[in-house]
Amino acid sequence: MDAMDSSKSKKQQQSKTLLLGKYELGRLLGRGNFAKVYLARPVSGGGDPVAVKVLDKAEVLSTPGMAPRVLREVTAMRRLRHPNVLRLHEVLATRAKIYLVMELAPGGDLISRLASLPRRRFPEHAARRVFAQLAAALAYCHARGVAHRDVKPQNVLLLNLDSGGAAGGGNLVVKVSDFGLSALPESRREDGRLHTACGTPAYAAPEVLRRKAYDGAKADAWSCGVILFLLLAGRLPFDDANVAEMCRKASRREYAFPEWVSPAASRLINRLLDPNPATRVAVEALATHPWLKRLLSVDSQLGGLLHGQPEHALAFRTPAVNAFDIISMSPGLDLSGLFDKRDREKRFMTTASPEKTMEQIGRAGGKLGYVVVGKKGLEWLPPGGLSGSGMAAMMTVEMSEVAAQLMLVELRLEVADGDGDDDGKQQFTWEELRHELGDVARAWHSCEDF
């Protein structure tokens, strides 16, 4: 038995490949035309698993256009740091190989997730959450001069927020990947446009297919429209083996929505699939579109609760505040004291993300006896729901951006009529809440401190 165990151990050790003394390569995750992707773990304990993309250096150098593509991918990913963009940790190389060490997205890609669903499509509330993250990632890229140029479901990777992996998209985190065809600011000519036709025909804008000069950001917007149609309809709007015929259909808007796609979603897709790039809606403008502004509304909350999970806020757009806003919080300019003198408001500063802040406030509510309500409705429920929770109070939360990575959080406790002490104060103290929030609350203020 000992001999068998020893032999097995030796085989396992031989199957493991050590990469430059830093990573232990594991199983093959996938392969493309020019690369293989492996699961890997840092040799030093405690690190998260990563994905390592392995390219053969001789093949890269001998294939026309491949070396610039690899350089573009590395350059673009080094410039981008966004929660919905796949992160490049480092680049390693030997005489024969190039290794791109990247963030691991174990949920697979978007096209595989759709294929696993019975109807090959997401319910609308789930599609909205996935699409909002895609739009946020691309808007971030465009603001930094990077156009992706190959936006398609195969390049949208996923993480599951919960270990169960919900069937829909309500608990998915999007990670945009593969920037090999991306265009950087230095790629543009004197006219500010791009001239290289690239991408996947079914997702490419008509002006790209016609090999005209084009705006890379507007071309990405068209691709977003195709993806949103696919998420909701379960099929592509234009799908023809003849690229010229597909381009003709796209230019004439020859597509039809299934009856289950809502009018609001249809209008948004129509604006994205505008064959005229000058009037096509930009990705940066999508955040204010009515369909996406419903992200934290009742239907998306119910979609999350149906999967047995509290709603997670994946995409916050927090309004910025300036000096005049802070001055207006002064008690001398605040008339609320004339109507309610009870100590039910607090403010604090934080450098934590909005998601982490809201989660911590929600968890504290489970202990102290309140539910969390944002501007657009219920945002955090106790694990057992409201029934039988004994919670008679609601905590309204508003977050505003004061500076980069600095948020002002405003809390107000709303106690149901007849609950609480005779003097109308809450059942817990603010100091208890401050203790529960821990490092999230950096600077704690009462209303009178502003």
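Data block above holds the structure.
Only a predicted model underlies this, so the values are computations on that prediction, with no experimental measurement involved.

A. Representation of the side chain of lysine 152 in the model. Examined against the element boundaries, lysine 152 turns out to sit in the loop between helix H5 (124-143) and strand S7 (156-160). Residues within four places of lysine 152 in sequence aside, it is in contact with Thr200, Tyr203 and Ile227.

B. Representation of the packing of H5 against helix H7 (residues 216-233). For the pair H5 and H7, the least separation of the axes is 10 Å and the interaxial angle reads 170°. With respect to H7, the axis of H5 lies roughly antiparallel. Every pair of crossing elements has a handedness; the one defined by H5 and H7 is right-handed. The residues of H7 that touch H5, namely those facing Glu124, Ala127, Val130, Phe131, Leu134, Leu138 and His142, are Ala217, Asp220, Cys224, Ile227, Leu228, Leu231 and Leu232.

C. Broad picture of the pairing of strand S4 (residues 50-56). Counting buried positions along S4 yields six of seven residues, so the element is predominantly enclosed. Pairing between strand S3 (residues 35-42) and S4: six bridges, direction antiparallel. Residue pairing in the sheet places leucine 39 in a bridge with alanine 51 of S4. Two strands pair when backbone bridges link them, and S4 and strand S6 (residues 97-103) are joined in this way by seven bridges, in the antiparallel orientation.

D. Inspection of H7 at higher detail. Look at H7: 26 Å from first C-alpha to last across 18 residues, which is about the 26 Å you get at 1.5 Å a residue. Counting buried residues in H7 gives 17 out of 18 residues, a clear majority hidden from the surface. Measuring from the backbone nitrogen of alanine 217 back to the side-chain oxygen at the start of H7 gives 2.9 Å, which picks out aspartate 215 as the cap. Positive phi appears at glycine 234, one or two residues downstream of H7, with a value of about 80°.

E. Looking closely at the layout of surface pockets. In this model, the second largest pocket occupies a volume close to 990 Å³. Taken together, 36 residues make up the lining of the second largest pocket; nearest its centre are Gly32, Val37, Lys53, Asn155 and Asp178. For the lining of the second largest pocket, the secondary-structure elements that each account for two or more residues are strand S2 (23-31), S3, S4, helix H3 (66-79) and S6. Among the elements that line the lining of the second largest pocket, the one with the most residues is H3, at five residues. Along the lines of polarity and charge, the residues of the lining of the second largest pocket split into 16 nonpolar, nine polar and 11 charged.

F. Inspection of the nonpolar core at higher detail. Phe122 and Phe131 are the most contacted members of the largest nonpolar core, which totals 82 residues. Non-local contacts of phenylalanine 131, meaning those with residues more than four positions away in its chain, are made with Cys224, Leu228, Leu231, Leu268, Leu272, Leu286, Trp291 and Leu292. In terms of nonpolar packing, the next biggest core, distinct from the first, is built from 21 residues, Leu368, Val372, Leu413 and Trp430 among them.

G. Seen up close, unusual backbone geometry. Located in the positive-phi region is arginine 211, a residue other than glycine, with phi close to 60°. Assignment of secondary structure puts arginine 211 in the loop between helix H6 (206-209) and H7. For arginine 253, which is not glycine, the phi torsion reads 55° and is therefore positive. Relative to the elements of secondary structure, arginine 253 occurs in the loop between helix H8 (243-251) and helix H9 (263-272).

Each value, and the rule that gives it
Residues numbered from 1 in each chain as written. Predicted model: local features only at pLDDT ≥ 70, side-chain atom pairs only at ≥ 80, totals over all residues. Heavy atoms only, no water. Helix = DSSP H or I, 4+ residues; strand = E, 2+ residues; numbered from the N terminus. Contact = heavy atoms within 4.5 Å. Axes fitted to C-alpha atoms, helices over the stretch in contact; angles between N-to-C directions. Parallel < 35°, antiparallel > 145°, perpendicular 65-115°, else oblique. Left-handed = near helix turned anticlockwise from the far one by under 90°. Buried < 20%, exposed > 50% of the residue type's maximum accessible area, 1.4 Å probe, protein only. Pairing = 2+ DSSP bridges. Expected span 1.5 Å × (residues − 1). Polar contact = N/O pair within 3.5 Å; in protein donor to acceptor, adjacent residues only side chain to side chain. 1 Å grid on protein atoms, 1.4 Å probe; cavity = no way out; pocket = protein on both sides within 12 Å on 5 of 7 lines; lining within 4 Å. Points joined across faces, edges and corners; volume = space filled by probe spheres on them. Nonpolar A, V, L, I, M, F, W, Y, C, P; charged D, E, K, R; others polar. Core = buried A, V, L, I, M, F, W, Y, C linked by side-chain atoms within 4.5 Å.

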